[in-house]
2 protein chains.
Amino acid sequence: MDRQNLTLLTDLYELTMMQGYFEHKEQNETVIFDAFYRTNPCGGGYAIAAGLEQLIKYIKELHFSKQDIEYLDSLHIFSKNFLDYLAGFKFSGDIYAVPEGTIIFPREPLVKVIASIMEAQLVETAILNIINHQSLIATKAARVCYAAKGDGIMEFGLRRAQGPDAGIYGARAAVIGGCIGTSNVLCGQLFDVPVKGTHAHSWIMSFPDEYTAFKTYADMYPSACILLVDTYDTLKSGIPNAIRVFQEMHAAKIPLTNYGIRLDSGDLAYLSKKARKMLDDAGFPDAVISASNDLDEYLIETLKAQGAAISSWGVGTNLITAKDNPAFGGVYKLAAIMNEKGEFIPKIKLSENTEKVTNPGNKTIYRVYEKNTGKIKADLICLVGETFNQEEPLLLFDPLEPWKKTKLSAGSYTLRELLKPVFQNGECCYESPKVMDIRSYCQSELDTLWDETKRFVNPHQVYVDLSKKLYDIKIQLLDQMSEK
Amino acid sequence: MDRQNLTLLTDLYELTMMQGYFEHKEQNETVIFDAFYRTNPCGGGYAIAAGLEQLIKYIKELHFSKQDIEYLDSLHIFSKNFLDYLAGFKFSGDIYAVPEGTIIFPREPLVKVIASIMEAQLVETAILNIINHQSLIATKAARVCYAAKGDGIMEFGLRRAQGPDAGIYGARAAVIGGCIGTSNVLCGQLFDVPVKGTHAHSWIMSFPDEYTAFKTYADMYPSACILLVDTYDTLKSGIPNAIRVFQEMHAAKIPLTNYGIRLDSGDLAYLSKKARKMLDDAGFPDAVISASNDLDEYLIETLKAQGAAISSWGVGTNLITAKDNPAFGGVYKLAAIMNEKGEFIPKIKLSENTEKVTNPGNKTIYRVYEKNTGKIKADLICLVGETFNQEEPLLLFDPLEPWKKTKLSAGSYTLRELLKPVFQNGECCYESPKVMDIRSYCQSELDTLWDETKRFVNPHQVYVDLSKKLYDIKIQLLDQMSEK
């Protein structure tokens, strides 16, 4: 709200460390940092990458304004030399990333930054902030849409989002994940996504009676006439008044195309079935019944299982905040440092928790598909430069339990590399698709998952394997560490 | 990130309803809307109001730019007349609000908008978005600070926040709620709050060894020298290397003022006690032990109960997202409509859930204090214009269970009105205090609560009562509704 560039959207320690590297130039090596996450949100089987367009914008606009430098100077911890350097700062590194809308799995590098360690540190916080947020909401949206089995999901959460950006970029991510539109007008304007909405209870309450409120609305918006029927009494007042208005529209030869009712309280299973019968009996079998009120994927799934006669859903709070899992948990870890010879020396971060041990080196990701189904078989993290011949068999093994092995026969699988170059020497070399195109791509991505991975309870976890070469380097580094 | 004014940060239905009132001017009455919440976050006994400064900025900047009008026109649902009206739009109503940092309770009007219904609808979504977000995080921060019993809490959550604004305004709210500072540099710049931070594991890993990394850092930042000791082995390597550096600083006569260690993994109770002993034995009893790693109020409370030797806490994800309760749930409801005589006719929104029935009319809030302790006795929602004589007894009763009555004797209590005028006829008449002053005010507000209300399990709920006059109006409206 208060600013145009996000250069200072960083943790103070990134800047204190930067100054450390600035003053100890021998330490300011070229490094590789990987941004990745460790656990699928909401206990699910996958996540969806989102936020790259905003990440790119952030990197492009990265510069310290005069006011920024003055502010940093006022903290009395930065030297004049360092501040002079910042005044001329421009990101000059390389960034690789998984395109938005792509299905992703734990421990895969979603964003890879290759830059001097000063630059790589500066951008850590904003990269994580942007990618964590949008990937979280895109994933949540895909789950909600999966529960709705093809019904349209509208994103309605702006009023409950964690600030303006959470509303705007959250709605963007929700559309990427599968929502058909949003109530958020600013998101619609910024990203050319469909905006929708009807009226509030206050509209009904401001008229002398419910019928007049409905009638007035229908006269104004005959081609998007969804009437909110629960202000007074859904079955005794709301639906009968809505039917009266539809009958009058019909009599007046106003085409009834996109019309119906919205339920926003009460027992949605019961009320929707009653409403369906009332609408059908009145001769409006194509009237839409939409529902809202603290919905999420679990409620929609059970409403569907109960045979609720709802075909359109408005989802607010639980989607825009990912309420049951409101943080994605992405991290950004050092993977390699270049030596004097220009070679990347792999680095590993130990942890007592085996899953938290990082994957070292300059890596990329191959997605392995079953050729006959087009479904994802596994992902393979390997070193940049490794090649795989699809006409030969491929041996996959679980890096956490390496005795679990699968051999894919020659010709039975296909491979696709996921990381794309986004910046080269500080110059952007990637053009973000339009949000609705990302949404289409994401739909095709979701088709590469089995239902067993998309379900909510005990989803099948897709294997993320390491190449033999990468696995050996990791084990070797672990051995070296334990010898110390 | 992509825009400067937030006028289109609204739900589409606000605009479609606006057009409805524009075309039916007889319906465009002056109305009163109340923003309030229904349940204290995290099962607590109170909340803290925050976000008013940003709300004011939003209202002041409210205008439809040429691009905004073009965008709305492109939706093909708005008439030229209406768009012409929007092009000249300016908020012209009155707004009252509870000042930031004030303790608040459920069902109290935190923001009251008095305006034509068109204007009052337009601003609904952004008001809720801003107030919901910041009040949530301020409340969460107050809880975390309460658990820490006077230890300093640093806000560290930017990388896990739900987008840039959630990081920036979340950190602002966290400071209002009691945090001593934030790692978020942009928040520091915008709101003049303390920014703090040390270094990451990557700093240690980028040096040939841990000691050199520590030593280099200490040489650069001797007066803010908190060393992260868990990169390799906390007890065997991290703390011994930190002590070695402190000893060298001591030998070199560098004043050791703000120095110590940070633990970011492992068993914080055990490690902090071991660390305390090692630092004490080495002659550094004033070395700070700070801790981070997925902390929240519950973990800090139990670490305190276990005697953990930690006196400084960095709290990230769980605070900046209010992880266990990531939405505040504030709503915005029609309370009254002005009739032709200029009188406000109270309006009520029914619900099958008694607690969801709204409070009608043009209201204000009085806080009732026990005179001898200064603690809050109850809040009293009443109609604007009602007066209470503090030299007479005051009868309080619970609106949900009206047979529960308390009579405060004359002279035993004091009253304070909470709502302040913020806009009058569209002109701002309120100046927001500086964030650190709001923080001080909030500390004094928290002192007016008993510990029984601040505790986490089964907190005492402060009564929010209605005046007799307001209660009677509410009952009368409910009776009228049920007769229909």
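The model shown is predicted, which means the values in this text are computed figures rather than measured ones.

1. Focus: the overall build of chain A
- Broken down by element type, chain A carries 17 helices and 21 strands.
- Projecting the C-alpha coordinates of chain A onto the three principal axes gives extents of approximately 85 × 60 × 35 Å.
- Long-range pairs, those at least 24 residues apart, make up 73% of the contacts in chain A between residues at least 6 apart in sequence.
- If you sum the accessible surface of chain A, you get close to 17,900 Å²; carbon and sulfur atoms cover 50% of it.

2. Thoughts on the pairing of strand β19 (residues 420-424) of chain A
Residues and elements named next belong to chain A.
- The pairing of strand β3 (residues 94-97) with β19 spans three bridges and is antiparallel. Across the sheet, the residue bridging to Ala97 is Lys420, located in β19.
- Examined bridge by bridge, β19 and strand β20 (residues 427-428) share two bridges and lie antiparallel to one another. Opposite Phe423, over in β20, you have Cys428 as the bridge partner.
- Two successive antiparallel strands, β19 and β20, enclose a turn made up of two residues, where Asn425 displays a positive phi of approximately 50°.

3. What about the domain arrangement of chain A?
- By domain assignment, chain A separates into domain 1 (12-137 + 326-483) and domain 2 (198-293).
- Taking only C-alpha atoms into account, the centre of domain 1 of chain A sits 49 Å from that of domain 2 of chain A.

4. Some details on the pattern of salt bridges
- Here the structure, examined in full by the defined rule, presents 54 salt bridges over all chains.
- Ionic pairing is found between Arg143(A) and Glu297(A), a salt bridge with its closest N-O pair at 2.7 Å. Remark: Glu297(A) occurs in helix α13 (residues 297-305) and Arg143(A) occurs in helix α6 (residues 124-147); sequence separation between them is 154 residues.
- Across the salt bridge formed by Glu297(B) and Lys140(B), the nearest N and O atoms sit 2.9 Å from each other. With a gap of 157 residues between them, Glu297(B) in helix α13 (residues 297-305) and Lys140(B) in helix α6 (residues 124-147) connect regions that are remote in the sequence.
- You can call Lys140(B) buried: its relative accessible area is 1%.
- Salt bridges sharing partners connect three or more residues here, namely Asp11(A), Glu14(A), Glu124(A) and Arg159(B).

5. What to know about the sheet that holds strand β18 (residues 413-417) of chain A
All names here are of chain A.
- What the four strands build is an open sheet, ordered β18-β14-β15-β21; its pairing is mixed. What marks the edges here is a single partner per strand, and that holds for β18 and β21 (463-466). Strand-to-strand twist across the sheet, computed as the mean angle between neighbouring axes with direction ignored, equals 25°.
- The pairing of strand β14 (residues 363-370) with β18 spans five bridges and is antiparallel. Paired with Glu370 across the bridge in β18 is Tyr413.

6. Brief notes about the interface of chain B and chain A
- Contact residues are listed per partner, giving 97 residues for chain B and 98 residues for chain A.
- Across the chain B-chain A interface, the total number found is six salt bridges.
- Per element, the largest residue contribution to the side of chain B that touches chain A is 10 residues, and it comes from helix α1 (residues 12-23) of chain B.
- Classifying every residue of the side of chain B that touches chain A by side-chain character gives 47 nonpolar, 32 polar and 18 charged.

7. Some details on the sheet that holds strand β9 (residues 259-263) of chain B
Residue and element names in this part refer to chain B.
- Strand order across the open sheet formed by six strands is β7-β6-β11-β10-β9-β8, with parallel pairing between neighbours. At either margin of the open sheet sits one strand with a lone partner, and together these are β7 (181-182) and β8 (225-228).
- Here two bridges tie strand β10 (residues 288-291) to strand β11 (residues 312-315), and the two strands are oriented parallel to one another. Bridge assignment links Ser290 to a residue of β11, and that residue is Ser312.

8. So, the relation of the copies chain B and chain A
- When chain B is fitted to chain A, the best match, at an RMSD of 0.0 Å, comes from turning it 180° and sliding it 0.0 Å along the axis. Both copies are brought into coincidence by an operation consistent with a two-fold rotation axis. Closest approach to the rotation axis within chain B is made by the C-alpha atom of Asp165(B), at a distance of 2.7 Å.
- When you check the interface residues of chain B against chain A, 100% turn up at the interface there too, and the contact is symmetric in its surfaces.

9. Some details on the state of the cysteines
Residue and element names in this part refer to chain B.
- Under the counting rule described, the total for this entry stands at zero disulfides over all chains.
- Looking at Cys145, it has no disulfide partner, and the nearest cysteine sulfur is the one in Cys179, 4.5 Å off.
- Given a relative accessible area of 16%, Cys145 falls into the buried group.

10. As for helix α12 (residues 268-281) of chain A
Residues and elements named next belong to chain A.
- When the terminal C-alpha atoms of α12 are compared, their 19 Å separation across 14 residues agrees well with the 20 Å that a helix rising 1.5 Å per residue should span.
- Of the positions making up α12, those classed as buried are Leu268, Ala269, Leu271, Ser272, Ala275, Arg276 and Leu279. Buried positions in α12, seen along its axis, are confined to an arc of 165° and lie on one side of it. With respect to the buried face of α12, the exposed residues turned more than 90 degrees away are Lys277 and Asp281.
- Its buried side turned inward, α12 meets α11 (234-251), β9 (259-263), β10 (288-291) and α13.
- One side-chain oxygen of the residue at the start of α12 lies 3.2 Å from the amide nitrogen of Ala269, identifying that residue as Asp267.
- Positive backbone phi, approximately 90°, marks Gly283, located one or two places after α12.

11. Topic: the packing of helix α2 (residues 52-60) of chain B against α6(B)
Residue and element names in this part refer to chain B.
- Orientation of α2 relative to α6, taken along the N-to-C sense of each, is 160°, at an axis distance of 9 Å. Between α2 and α6, the angle is such that the two are roughly antiparallel. Our pair here, α2 against α6, has a crossing hand that is right-handed. Contact residues: α2 offers Leu52, Gln54, Leu55 and Tyr58, while α6 offers Ala126, Ile127, Ile130, Ile131 and Gln134.
- Along the lines of polarity and charge, the residues of the contact of α2 with α6 split into seven nonpolar, two polar and no charged.

12. Here we look at the UniProt feature "domain: Nicotinate phosphoribosyltransferase C-terminal" (unreviewed entry) in chain A
- Per the UniProt annotation, the sites labelled "domain: Nicotinate phosphoribosyltransferase C-terminal" (unreviewed entry) are residues 362-474 of chain A.
- Summarising residues 362-474 of chain A: 20% helix, 35% strand, and an end-to-end C-alpha distance of 12 Å.

13. Focus on α6(B)
- Between its first and last C-alpha, α6(B) extends 35 Å over 24 residues, near the 34 Å set by a 1.5 Å rise per residue.
- One or two steps after α6(B), the chain reaches Lys149(B), where phi turns positive at roughly 50°.

14. Concerning a negative patch on the surface
Residue and element names in this part refer to chain A.
- On the surface, Glu26, Glu29, Glu340 and Glu343 cluster together to form a negatively charged patch.
- Within the secondary structure layout, Glu340 lies in the loop between β12 (331-338) and β13 (344-346).
- Residue Glu340 is classed as exposed on the basis of its relative accessible area, which comes to 77%.

What counts, and at which threshold
- Residues numbered from 1 in each chain as written.
- Chains lettered and ligands numbered in written order.
- Predicted model: local features only at pLDDT ≥ 70, side-chain atom pairs only at ≥ 80, totals over all residues.
- Heavy atoms only, no water.
- Helix = DSSP H or I, 4+ residues; strand = E, 2+ residues; numbered from the N terminus.
- Contact = heavy atoms within 4.5 Å.
- Areas by Shrake-Rupley, 256 points an atom, 1.4 Å probe, with all protein chains shown as cover.
- Pairing = 2+ DSSP bridges.
- Domains from an automatic or database assignment.
- Salt bridge = Lys/Arg side-chain N within 4 Å of Asp/Glu carboxyl O.
- Buried < 20%, exposed > 50% of the residue type's maximum accessible area, 1.4 Å probe, protein only.
- Axes fitted to C-alpha atoms, helices over the stretch in contact; angles between N-to-C directions.
- Nonpolar A, V, L, I, M, F, W, Y, C, P; charged D, E, K, R; others polar.
- Least-squares fit on C-alpha atoms with pLDDT ≥ 70 in both.
- Disulfide = S-S within 2.5 Å.
- Expected span 1.5 Å × (residues − 1).
- Arc of directions from axis to C-beta.
- Polar contact = N/O pair within 3.5 Å; in protein donor to acceptor, adjacent residues only side chain to side chain.
- Parallel < 35°, antiparallel > 145°, perpendicular 65-115°, else oblique.
- Left-handed = near helix turned anticlockwise from the far one by under 90°.
- UniProt positions renumbered as here; feature names shortened; annotations may be inferred.
- Patch = residues over 30% accessible without salt bridge, like charges linked within 9 Å, V, L, I, M, F, W, Y side chains within 5 Å.
- Lys, Arg positive; Asp, Glu negative; His and termini not counted.
- Charge placed at Lys NZ, Arg CZ, Asp CG, Glu CD.

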